[in-house]
Amino acid sequence: MLALNGGTPIRRNEDWPKWPIHTPETTKALQAVLESQRWSISGTYAGTPARDRTFSEKWAAYNGVKYAVGCANGSAALLIALEALDVGAGDEVIVPGLCWIAPATAALNVNARPVMVDVDPNTFCLDTAKVKAAITPRTKAIIAVHLYGSMTNMDEILAIGQANKIPVIEDCAQSHGSQWNGKNAGSQGVIGCFSFHHGKPFTSGEGGSAITNDPRLYQRLQNLRSDSREWVTHTPKLGHMELAETAVVQGSNHALSEFSSAILTEALTRIDDQIKTRLENALYLDEQLLKVGGIVPQARPKQVTRQSFYHYMVRLELGQFAGKTNEQVGQAVEAELGFWIHPPYVAMKEHKLYVPHTKRRWKLGSDHEAAINPARFELPVAQKAHRENLVFHHSVLLSTKKHMDSIVEAFAKVKKAAADLK
Ligand SMILES: *Cc1c(COP(=O)(O)O)cnc(C)c1O
């Protein structure tokens, strides 16, 4: 009998991995910041470069780019990316129809118009043919999100960007360390944006980064995140600022805390092992779940040479689950296993958190208000994904093959008894 209906759960393993992970080294690193007299990049110089500065150098090198700028969060990274590219009032920014709300909010926050484009039915990342069709003379940026456990087709999106002279921003908030033909996520777009939020595969609780190879954009990104200032190029005097007031563009404060930088610097020593474990388990799950039938794992283009995971996602052929809903199946599998399993994002046009009419700052005339009304976008694939797919958190993939077998067993059990779901 299904655990949901009072039967014995499959769950032999109460020991699903916890997230986030810290080690004694993390504690030491945080203690060192506490005692350093330097808790912020805009604190005065105490004898060593800001931890943000040294972390960002390592983070840029890790991703194979020249520059990285630490940010308060991933949303701030997207905002300063759009500002660095001078996207502004009346411009259009293409965002995926299936993802977290942040790319749309970032567009709104520069008084631009988010243009929601549907996703590919296999990868659930931007459908590049539909991107092409959505381009207008107003299009000033494309935000390509690498969603859950796959990547946007980089060859195609970069070609579209180039042909139309539109910069591609890679949103890698869910894909730290993924690689397209050996090149890291974020390194091929003009700017790559990362979130280091609590749930993301690489985290400091809150945090973010914008990476680029372009020295002009690097200077602008720095100015934009630290009140029009940037790193000094000399060694500052003790007790003086490590930031120079260059004022090349009006900035604001979106800086990463020194505590976050310390956590990230330490976590960077473990990121590759974690990616490897998750990927091995995910590939095994892909194979085994396909054998159960009626369960189709999120596809990855063949050019993806390494995949990092935020969530593991499958599409259910609900006809094989007695016509029940994905939510019913998810709840039943969750009862067998003991971790949260749920539908993916709601299509962006129906996102409960997309409510721009609630702020007077976007009452910019009837044209603008009509343009930002999400009802005008067609997102059937994203809507279908919300009805048919299920996701669970990447921390589950940090466990063992035996744990993966339990997941497969749980799906198979629920499929067999699907008619009993209420
Ligand atoms: C999490 C996320 C963001 C925003 O990051 P925060 O750090 O939460 O501000 C942006 N884009 C995507 C795709 C995300 O998943």
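Keep in mind that what you see is a predicted model, and the values were worked out from it rather than measured.

1. Focus: the site of the ligand
Close contacts around the ligand come from 14 residues, with Gly 74, Ser 75, Asp 171, Ser 195 and Lys 200 the closest. Within the contact set of the ligand, a nitrogen atom lies 2.7 Å away from a side-chain nitrogen or oxygen of Asp 171. Contact distances for the ligand include 2.8 Å between an oxygen atom and a side-chain N or O atom of Gln 174. The protein chains hide 93% of the 380 Å² of surface that the ligand would expose on its own. For the shell around the ligand, the leading source of residues is helix H3 (residues 74-84), giving 3 residues. Taken together, the residues of the shell around the ligand sort by class into 5 nonpolar, 7 polar and 2 charged.

2. Regarding the environment of Gly 88
You can see Gly 88 is positioned in the loop between H3 and strand E2 (92-96). For Gly 88, a relative accessible area of 15% translates into the label buried. Sequence separation of Gly 88 and Tyr 354 is 266 residues, and the distance between their C-alpha atoms is 19 Å. Excluding residues within four positions of it along the chain, Gly 88 makes contact with Val 110, Asn 111 and Ala 112.

3. A few points about the sheet that holds strand E12 (residues 295-297)
Spatially, the 3 strands line up as an open sheet ordered E12-E14-E15, and their pairing is antiparallel. Where the open sheet ends on each side, the last strands, each with one partner, are E12 and strand E15 (389-393). Taken pair by pair, the neighbouring strands of this sheet meet at an average axis angle of 30°, ignoring direction. By the bridge criterion, 5 bridges tie strand E14 (residues 311-316) to E15 in an arrangement that is antiparallel. Each residue of the ladder has a partner; that of Arg 315, found in E15, is Asn 389. Each of E14 and E15 touches helix H10 (residues 326-337); the most contacted strand, E15, lies at about 35° to it.

4. Topic: the nonpolar core
In terms of nonpolar packing, the biggest core is built from 94 residues, with Trp 59, Leu 82, Val 93, Ile 142, Leu 147 and Phe 202 touching the most fellow members. Take this core: its biggest share by element is 8 residues, from H3. Structurally, this core is a two-domain feature, drawing no fewer than three residues from each of domain 1 (3-20 + 272-347 + 380-420) and domain 2 (24-270). Residues Trp 16, Tyr 312, Phe 321 and Leu 337 belong to the second largest nonpolar core, which totals 35 residues.

Scoring rules and cut-offs
- Every chain begins its residue count from 1, and numbering advances along the sequence as written.
- At least 70 in pLDDT is required for a residue's local features to be given in this predicted model, at least 80 for side-chain atom pairs to be given and counted, and no such filter applies to totals for whole chains, interfaces and linings, which use all residues.
- Each side-chain value is worked out from all heavy atoms of the structure, with water and hydrogens disregarded.
- We call a residue near a molecule or strand as soon as one heavy atom of that residue lies within 4 Å of the molecule or strand.
- In the analysis that follows, any N or O atom pair within 3.5 Å is treated as a polar contact, provided that within protein one partner can donate a hydrogen and the other can accept it, and provided that, for residues neighboring in sequence, both atoms belong to side chains.
- Computed with a 1.4 Å probe, the accessible areas rest on the Shrake-Rupley method; for each residue, only the protein chains presented here act as cover.
- Put simply, DSSP H or I for four residues or longer makes a helix, DSSP E for two residues or longer makes a strand, and each gets a number counted from the N terminus.
- Throughout, the ten residues Ala, Val, Leu, Ile, Met, Phe, Trp, Tyr, Cys and Pro are labelled nonpolar, Asp, Glu, Lys and Arg are labelled charged, and all others, Gly among them, are labelled polar.
- Using a 1.4 Å probe on the protein chains alone, a residue whose accessible area is under 20% of its type maximum counts as buried, one over 50% counts as exposed, and one in between counts as partly exposed.
- Any two residues whose heavy atoms approach within 4.5 Å are treated as being in contact.
- Only when DSSP finds a minimum of two bridges between them are two strands counted as paired.
- Fitted lines through C-alpha atoms serve as axes, helices being fitted only where they are in contact, and the angles separating the N-to-C directions of these axes extend from 0 to 180 degrees.
- Definition of nonpolar core: a set of buried residues of the types Ala, Val, Leu, Ile, Met, Phe, Trp, Tyr and Cys, connected through side-chain atoms within 4.5 Å.
- Residue ranges assigned to the domains are those given by an automatic or database domain assignment.

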